[in-house]
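Read off the chains here:
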Amino acid sequence: MILQTLDAYYRRKQMDPDPSKRLPSFGLEDKEIPFVLDIDEDGRLINITDTRSGEGKKKVGQRFLVPQGVKKTSGVAANLLWDTAEYVLGIDTRDKPERVAEQHAAFRARIEALQDAARKDAGISAVLAFLDAFTPEMFADLPEFADIQATNPVMSFRLHGDLELVCQRPAVVATTANQTEEVPDGMCLVSGAPAAIERLHPAIKGVWGAQTSGANIVSFNLDAFSSYGKAQGANAPLGKAAVFAYTTALNHLLARDSRQRIQVGDSSTVFWAEEPHELEGALLDLFGEPPKDNPDKNTDAIKALYVSIASGQFSVGGLNTSFHVLGLAPNAARISIRFWETTTAAELAQRIKQHFDDLSITHAPHEPDYLSLFRLLTGVALLNKADNIPPNLGGEVMRAILEGLPYPAMLLNQAVMRCRAEQRPTYTRAAVIKACLNRHIRFRKTAEKEFTPMLDPSNNNPAYRLGRLFATLERIQEDASGGPGKLNATIRDRYYGAASSTPAAVFPTLLRLSKAHLGKLSAGFAITRERLIGEIMDGFDADTFPPRHLALPDQARFALGYYQQRQAFFAKTEPKTPEKTQ
């Protein structure tokens, strides 16, 4: 199913009205070529063109359509008229002169193996003449030599005066096309038609954490993986055209500048539709971190999604257009499928909207209305660093969003643990806790009331009320000291961990301290605070208050109650510095 939809996407992109957006034809691939050797018809080097743009390590070379590369293994295998500097020029970049000589010989042999008609082409003749006369010492004085020797970049040739590379000349393209016409030797599982079966599939590049040379989705490199005496690709027979289609499409989706991929933790997620659709370019803005020069891009995309759902139409594409989402993760030399979801655009949009609705919670004016996946995951990680996001968490969260499932238990655990470790529920953690609890209530169909974005005084859950009570006692302490920010440490800094896990150990002490703090307030203000304490405690059972222990889900409710009560204090109109009794 996955390979079939990728094959269909490839064929759709092949028919794109914009030629610049079309994917390469069968037998070709889109390749980044950092350096191009400009030669004349006699094979003399005219210039070395550096096609890269950008600065430092972020330089990116220009992309060209070139003959499809061979499957690289530990052996020597050369590409046609393009390859690394070791193959093209025979320059030793890793202190392996014997292997480099073998690679350079293989590169030349690949060209000499072309049909006579192709070898008579002026470009091919010029390349062979260049290789006849070239020695690595000829490059030693060129300014580009140091960079080439240090990075072993991909290189190709261009005949001086031409715009296209030598490998793009009609004679070479025709030869490449003829080589792809092979006798069928099996039934392709994608097309359902007889086809020449591909033995080794091209590598998939761009999956975060996988080998830099690429990895495979379909691979049989050990006898244990084979069946019925079949070897390599014959175990999962796919025609050469189908293999080219699905690998080209997936590499296009995973490209560095693709707007149809999101990196969530260790999961590389790509998405596409069966026809051009608004959501194809919008998911990156919905879930990604907004650029610094346009911080409202994320918010604008989410608002547009809400409008589309409310109006029942998208600016591009229909409601029932099939939409596909594929999550990939590294697994040594292979790529594992983390999740796969196919649904309609309308259903997917509704699930995304539900995700943001679940996360919605009151917050400070300077904080964003919607949390990107990056902020959501780093908000529950140690030191708020992406490196500390637990493995698999990003992929599981993405899967829960796209399939409309409960969030992984690890997400709630992380949020609660970070609240306890740092003695402070933050906006991100409170949003995560609310979303996780509400989805649990919704999917388990429990009798518990769902939590609202703002403070809910009618919610009688004991743990939620304990959190509210703790926030109120902290505010009374701040009021008695002249207002928020006047104390170096409040009861939250000293008692939050114990109050949220073992309330019976600390709440009697905190309630006793509050009496002294209330005594420092004006009579009217003290009555207001005492009335709030009474309102909160009215929901407790006198025989079980305070509870001896709170389980982790109740610690989450405690954190949410604390956070929402604190936000409610700042939302109300109160004296900046309460009067003290004289």
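Structural data are supplied above this passage.
Nothing here was measured: the structure is a model prediction, and the numbers come from that model.

Trainee: Just give me the short version of the sheet that holds strand 6 (residues 154-159), but keep the residues and values in it.
Mentor: Read from one edge of the open sheet, four strands run 3-2-6-5, paired in mixed fashion. Every interior strand has two partners, whereas the edge strands, strand 3 (45-50) and strand 5 (82-84), have only one. Here the average twist between neighbouring strands, direction ignored, is 30°. In this sheet, strand 6 lies alongside strand 2 (residues 35-39) in parallel orientation, the contact comprising five bridges. Looking at strand 6, one finds that Phe35 is bridged to Met155. Against the sheet, helix 5 (residues 122-133) contacts strand 2, strand 3 and strand 6, and its axis sits at roughly 120° relative to strand 6.

Trainee: Please give an account of the pairing of strand 6 that cites residues and values.
Mentor: The buried count for strand 6 comes to six of six residues, which makes it a mostly enclosed element. Alternating residues of strand 6 divide into Val154, Ser156 and Arg158 and Met155, Phe157 and Leu159, and every residue in both groups is buried. Pairing of strand 5 with strand 6 involves three bridges; the strand directions are antiparallel. Across the sheet, the residue bridging to Trp82 is Ser156, located in strand 6.

Trainee: Hey, could you go over the packing of helix 1 (residues 2-14) against helix 8 (residues 240-253) for me, with residue numbers and the actual values?
Mentor: Viewed as axis vectors pointing N to C, helix 1 and helix 8 meet at an angle of 80°, and their least axial separation amounts to 8 Å. Overall, the two elements helix 1 and helix 8 adopt an arrangement that is roughly perpendicular. Counted together, Leu3, Leu6, Asp7, Tyr9, Tyr10 and Lys13 of helix 1 and Ala242, Phe244, Ala245, Tyr246, Thr248, Ala249, Leu250, His252 and Leu253 of helix 8 form the full contact between these two elements. Partitioned by chemical class, the residues of the contact of helix 1 with helix 8 number 11 nonpolar, two polar and two charged.

Trainee: Talk me through the packing of aromatic side chains; I want residue IDs and the actual numbers.
Mentor: Counted according to the given criterion, the structure contains 19 aromatic pairs. Considering the side-chain rings of Tyr10 and Phe244, the 5.9 Å spacing of their centres and the 90° angle between planes classify their relative orientation as edge-to-face. One end of the pair, Tyr10, is in helix 1; the other, Phe244, is in helix 8, and 234 residues separate them in sequence. The exposure class assigned to Phe244 is buried, which follows from its relative accessible area of 2%. Relative to Phe139, the ring of Phe134 lies with its centre 5.1 Å away and its plane at 90°, an arrangement referred to as edge-to-face.

Trainee: Break down the pattern of salt bridges for me, with residues and values.
Mentor: Counted under the stated rule, the structure contains 38 salt bridges. For Arg94, the salt bridge identified is with Glu86, shortest N-O distance 2.7 Å. With its nearest N and O atoms 2.8 Å apart, the salt bridge here joins Lys353 to Asp357. With a gap of four residues between them, Lys353 and Asp357 both fall in helix 11 (residues 345-359), about one helical turn apart. On the basis of relative accessibility, which here comes to 18%, the residue Lys353 falls in the buried class. The partly exposed category is assigned to Asp357, whose relative accessible area is 27%.

Trainee: Got a sec to walk through the layout of surface pockets? Specific residues and values, please.
Mentor: Computed from the structure, the second largest pocket encloses a volume of approximately 500 Å³. Around the second largest pocket, the lining comprises 20 residues; the ones closest to its centre are Gln68, Gly69, Val70, Glu198 and Lys240. Partitioning the lining of the second largest pocket into residue classes produces seven nonpolar, seven polar and six charged.

Trainee: Outline helix 5, supporting the account with residue identities and numerical values.
Mentor: One turn of the α-helix equals 3.6 residues, which is why residues spaced by three or four share an orientation. Compared with the 16 Å implied by 1.5 Å per residue over 12 residues, the 17 Å span of helix 5 between its first and last C-alpha is a close match. Of the positions making up helix 5, those classed as buried are Gly123, Ile124, Ala126, Val127, Leu128, Phe130 and Leu131. For helix 5, the N-terminal cap is Asp121; the gap from its side-chain oxygen to the backbone nitrogen of Gly123 is 2.9 Å.

Trainee: Now, about unusual backbone geometry: what can you tell me, with residues and values included?
Mentor: For the bond running from Phe545 to Pro546, omega is -15°, close enough to zero to count as cis. With respect to the secondary-structure elements, Pro546 resides in the loop between helix 19 (523-537) and helix 20 (552-571). Of note in the backbone geometry, Asn152 takes a positive phi value of approximately 50° without being a glycine. A positive phi is found at Gln423, a non-glycine position, where the angle reads about 60°. Relative to the assigned elements, Gln423 resides in the loop between helix 14 (409-422) and helix 15 (427-444).

Thresholds applied
Residues numbered from 1 in each chain as written. Predicted model: local features only at pLDDT ≥ 70, side-chain atom pairs only at ≥ 80, totals over all residues. Heavy atoms only, no water. Pairing = 2+ DSSP bridges. Helix = DSSP H or I, 4+ residues; strand = E, 2+ residues; numbered from the N terminus. Axes fitted to C-alpha atoms, helices over the stretch in contact; angles between N-to-C directions. Contact = heavy atoms within 4.5 Å. Buried < 20%, exposed > 50% of the residue type's maximum accessible area, 1.4 Å probe, protein only. Parallel < 35°, antiparallel > 145°, perpendicular 65-115°, else oblique. Nonpolar A, V, L, I, M, F, W, Y, C, P; charged D, E, K, R; others polar. Phe/Tyr/Trp six-rings, centres within 6.5 Å; stacked < 30°, edge-to-face > 60°. Salt bridge = Lys/Arg side-chain N within 4 Å of Asp/Glu carboxyl O. 1 Å grid on protein atoms, 1.4 Å probe; cavity = no way out; pocket = protein on both sides within 12 Å on 5 of 7 lines; lining within 4 Å. Points joined across faces, edges and corners; volume = space filled by probe spheres on them. Expected span 1.5 Å × (residues − 1). Polar contact = N/O pair within 3.5 Å; in protein donor to acceptor, adjacent residues only side chain to side chain.

Geometric descriptors of this kind do not, in isolation, establish any biological role.
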